[in-house]
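# Reading the structure
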Amino acid sequence: MINMKNIINSFKRLSIKSRMIISLTFILTVSFITTNYMNYRTAHNSVRENLVNSVLPLTRDNLYSEIQTHLIRPIFISSLMANDTFLKDWAIAGEKNIAVVQKYLKTIQKKYGFFSAFFVSEKTGRYYHFKGLHKTISPSDPHDVWYYNFIKLNKEYDLDVDTDEAAGNKLTVFINHRLTGYNGELLGVTGVGLNLDAITDMLKSHNDIYKSEIYLVDRKGTIQVHSDESIIEKINIREQPEFAGIAEKILSGKESSGMYEFERGEKHILLTTRFIPEFDWFLFVEIDEGIRMSGVLSGIKMNLLFGLFISGIIISIAIATANYFQGRISRMAVTDELTGVYNRKEFDRQFKKAAYSFQRNKTPFSLIIIDIDRFKTINDTMGHLMGDEILKQMADSASKSLRLTDTLFRWGGDEFIILTYGNADNARLMAERLRTIFAESMTGYTGNGRKKLKATISCGVAEFAKGDTMDSVLSKADAALYRAKSKGRNRVEG
C-alpha cells in the first residue's frame with residue numbers, strides 16, 4: 001500500500017527545482033489526460049446520440065424502402081399471376097398443353113427479369129417451370145415440403161427462402177401465391193423466384209455504405225436473408241445468447257420499430273429493427289459502436305500524443321529555464337557582480353578546501369592580496385565609472401596570468417585575493433607577472449578621449465603554514481601588502 005506521508009516527506013526533501021519540475025509535469029500530464037478524457041466522453045456521447053437518434057433510424061427506414069422496392073414488385077407480379085384467368089382456365093381445363101403454360105411462365109420470367117417463374121398444380125402435383133415440366137411433387141420429398149407447409153398456412157401469399165432444384169439448387173427467395181378457381185377451390189400455387197445473390201449483394205453494398213450489418217429475420221427468429229449465406233435458415237436469434245431478453249420483444253411484433261443494444265463478445269452493438277408487414281419479416285440493422293468510435297479514438301490519441309509532445313517541450317523549456325536561472329543564481333551567490341570573479345563567500349569555501357588538502361596531502365598553497373594603488377584618488381578625479389572600469393580591467397589582467405588551479409576573488413573595494421597552489425616563491429613570481437601585465441595593459445576613457453592610464457597595483461604574499469588559520473595567513477598577507485605600500489607601491493612583498 002502506498003504511504004502518502006512518506007511520498008510527501010520525500011517530495012519535501014527534493015530541491016526547489018526538482019519539486020517545480022515534478023509539479024509542472026504532474027499538472028500538465030493530469031490536465032492533458034483529463035481534457036482528452038472529457039473530450040472523449042463528449043465525443044462519445046455525441047456520436048452515440050447521433051447513431052441512436054439519426055444514423056440508425058435513417059438507415060433502417062432507407063433500407064426498408066429499398067427492400068420494398070426489391071420485393072414488393074415480385075409480390076405484385078405473383079398476385080397478378082394468381083388472378084390471371086388464363087392460368088386459371090388452363091389449370092381447370094386439365095393442364096393439357098404444357099408448351100402453353102411454359103411459354104406463359106417464360107414470358108413472366110423474361111419480361112420482369114425474375115430468376116424463376118412457376119406453377120404447382122394441386123390436382124396433379126406437377127411442378128411447371130419456365131423451362132417446362134420440372135417434376136411431380138411428393139410429401140416424402142424434403143424439397144417439396146414448402147408446398148404443403150404453405151397450403152397449411154392458409155395465407156394468400158408467403159415468402160420462402162429455399163434452393164431452386166430447377167436452377168442448379170441456387171438459393172432463391174420464392175414468392176408463393178395461392179391460385180384459386182372461380183368458386184374458390186384451390187388450383188395450386190404460382191409465383192416467382194428472386195435470386196438470393198441479388199438481395200445478398202444489395203445487403204453487402206449497404207453494409208459497406210452504412211458500415212453496418214443488415215439482415216432479415218422471419219417471425220420465428222430464423223435468419224432468412226444475410227450477407228453471409230452460410231447462416232441463412234441455420235441461425236435463430238432466439239438461440240443466440242446476445243439476444244436473450246430482447247428476441248421475444250422484437251419478434252412479438254407489438255412495435256413496428258425498436259432500438260436495442262447488447263454485447264457480442266467485446267463488441268457493443270447498437271441494433272434497430274423494423275417490421276415488414278408485407279413479408280411478415282423483420283429488418284435488422286446492427287452497428288458496432290466501437291467501429292464508429294474508432295475515428296474519435298484516433299483523434300483523441302493524436303491529441304493526447306500531441307499534448308504529451310507539447311508537454312515534453314514545455315517541461316524541457318522549464319528545465320532549461322530553471323537550470324539557467326539556477327546557474328545564474330548560483331553564480332551570483334559566489335561571484336562579484338561587477339567583475340565576475342568569485343566573492344568572499346566562495347573564498348571561504350575554497351580556502352577550507354585548500355586547507356584540507358594541505359592537512360591531508362601536504363599540498364602547499366599561498367595567498368596574494370592585491371590592492372590598486374591610489375584607487376580613491378582615481379575615483380575622486382575620474383569618476384566611479386572609470387573606477388569600475390579599472391576594477392574590471394584588474395580582474396581581466398589577473399585572469400590572464402592565472403593557472404587553471406588558481407582562483408581569483410574580489411575581497412572588497414579595490415582589494416582582490418588570489419589563492420594559488422604552490423609555495424611563496426611561486427606566488428611572488430605570479431604576483432610580479434600580474435603587476436607587470438596590469439601596468440602595461442591598463443587603459444580606459446576620460447572626458448578628452450582614450451589615453452594611457454597610470455594605474456598600478458601592490459601585492460602582499462603569504463604562504464599557508466602548519467598551525468595557520470584563515471585569519472592568520474590573511475594577516476601575514478595583509479602585513480606584506482602594507483610593506484609594499486609603505487615602500488612606494490607598485491611592488492610585491494612577502
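Look a little higher up for the structure.
Here goes a summary of the coordinates provided. Here the structure is a predicted model, which means the values were calculated and not measured.

Criteria and thresholds
Residues numbered from 1 in each chain as written. Predicted model: local features only at pLDDT ≥ 70, side-chain atom pairs only at ≥ 80, totals over all residues. Heavy atoms only, no water. 1 Å grid on protein atoms, 1.4 Å probe; cavity = no way out; pocket = protein on both sides within 12 Å on 5 of 7 lines; lining within 4 Å. Points joined across faces, edges and corners; volume = space filled by probe spheres on them. Helix = DSSP H or I, 4+ residues; strand = E, 2+ residues; numbered from the N terminus. Pairing = 2+ DSSP bridges. Contact = heavy atoms within 4.5 Å. Axes fitted to C-alpha atoms, helices over the stretch in contact; angles between N-to-C directions. Buried < 20%, exposed > 50% of the residue type's maximum accessible area, 1.4 Å probe, protein only. Parallel < 35°, antiparallel > 145°, perpendicular 65-115°, else oblique. Nonpolar A, V, L, I, M, F, W, Y, C, P; charged D, E, K, R; others polar.

### Details of empty space enclosed by the protein
If you walk through the whole model with that rule in mind, you get 2 cavities of 30 Å³ or more. For the second largest cavity, the calculated volume is near 40 Å³. Taken together, Lys249, Ile250, Glu255, Ser256, Ser257, Tyr260, Thr273, Arg274, Phe275 and Phe282 make up the lining of the second largest cavity. Only helix H7 (247–251), strand E9 (257–264) and strand E10 (267–276) provide two or more residues apiece to the lining of the second largest cavity. It is E10 that contributes the most residues to the lining of the second largest cavity, 3 residues altogether.

### As for the sheet that holds strand E17 (residues 457–463)
One open sheet accounts for 5 strands, arranged E13-E14-E12-E17-E18; its pairing is mixed. Edge positions in the sheet fall to strand E13 (407–412) and strand E18 (492–493), since each of these pairs with one other strand and no more. The sheet strands contacting helix H12 (residues 424–441) are strand E12 (365–372), strand E14 (415–421), E17 and E18, and the helix crosses E17 at an angle near 170 degrees.

### Some points on the sheet that holds E9
Pairing in this open sheet of 5 strands is antiparallel, and the strands run E8-E7-E11-E10-E9 from one edge to the other. The open sheet has two free edges, formed respectively by strand E8 (223–226) and E9, since each of these has just one partner strand. The average angle at which neighbouring strand axes cross in this sheet is 25 degrees, direction not considered. In this structure, strand E7 (residues 213–218) lies alongside strand E11 (residues 281–288), joined through 6 bridges in antiparallel fashion. Bridge pairing in E11 links Val217 to Phe282.

### So, the pairing of E11
The element E11 is largely enclosed, with a buried count of 8 among its 8 residues. The alternating pattern of E11 places Trp281, Leu283, Val285 and Ile287 on one face and Phe282, Phe284, Glu286 and Asp288 on the opposite face, and all of these are buried.

### Observations concerning the packing of helix H9 (residues 344–361) against helix H13 (residues 470–486)
It is at 11 Å that the axes of H9 and H13 come closest, and there the two elements cross at 105 degrees. It follows that H9 is roughly perpendicular to H13 by the angle criterion. Contacts between H9 and H13 involve Phe347, Asp348 and Phe351 on the former and, on the latter, Met470, Val473 and Leu474. Of the residues that constitute the contact of H9 with H13, the class distribution is 5 nonpolar, no polar and 1 charged.

### Considerations on the packing of helix H10 (residues 375–382) against helix H11 (residues 384–401)
Packing of H10 against H11 brings their axes to within 6 Å, and their N-to-C directions diverge by 140 degrees. Considered as vectors, H10 and H11 are oriented oblique to each other. Where H10 approaches H11, its residues Phe375, Ile378, Asn379 and Met382 are matched on the opposing element by His384, Met386, Gly387, Ile390 and Leu391. Residues that form the contact of H10 with H11 fall into these classes: 6 nonpolar, 3 polar and no charged.

Any functional reading would require information beyond the geometric quantities listed.
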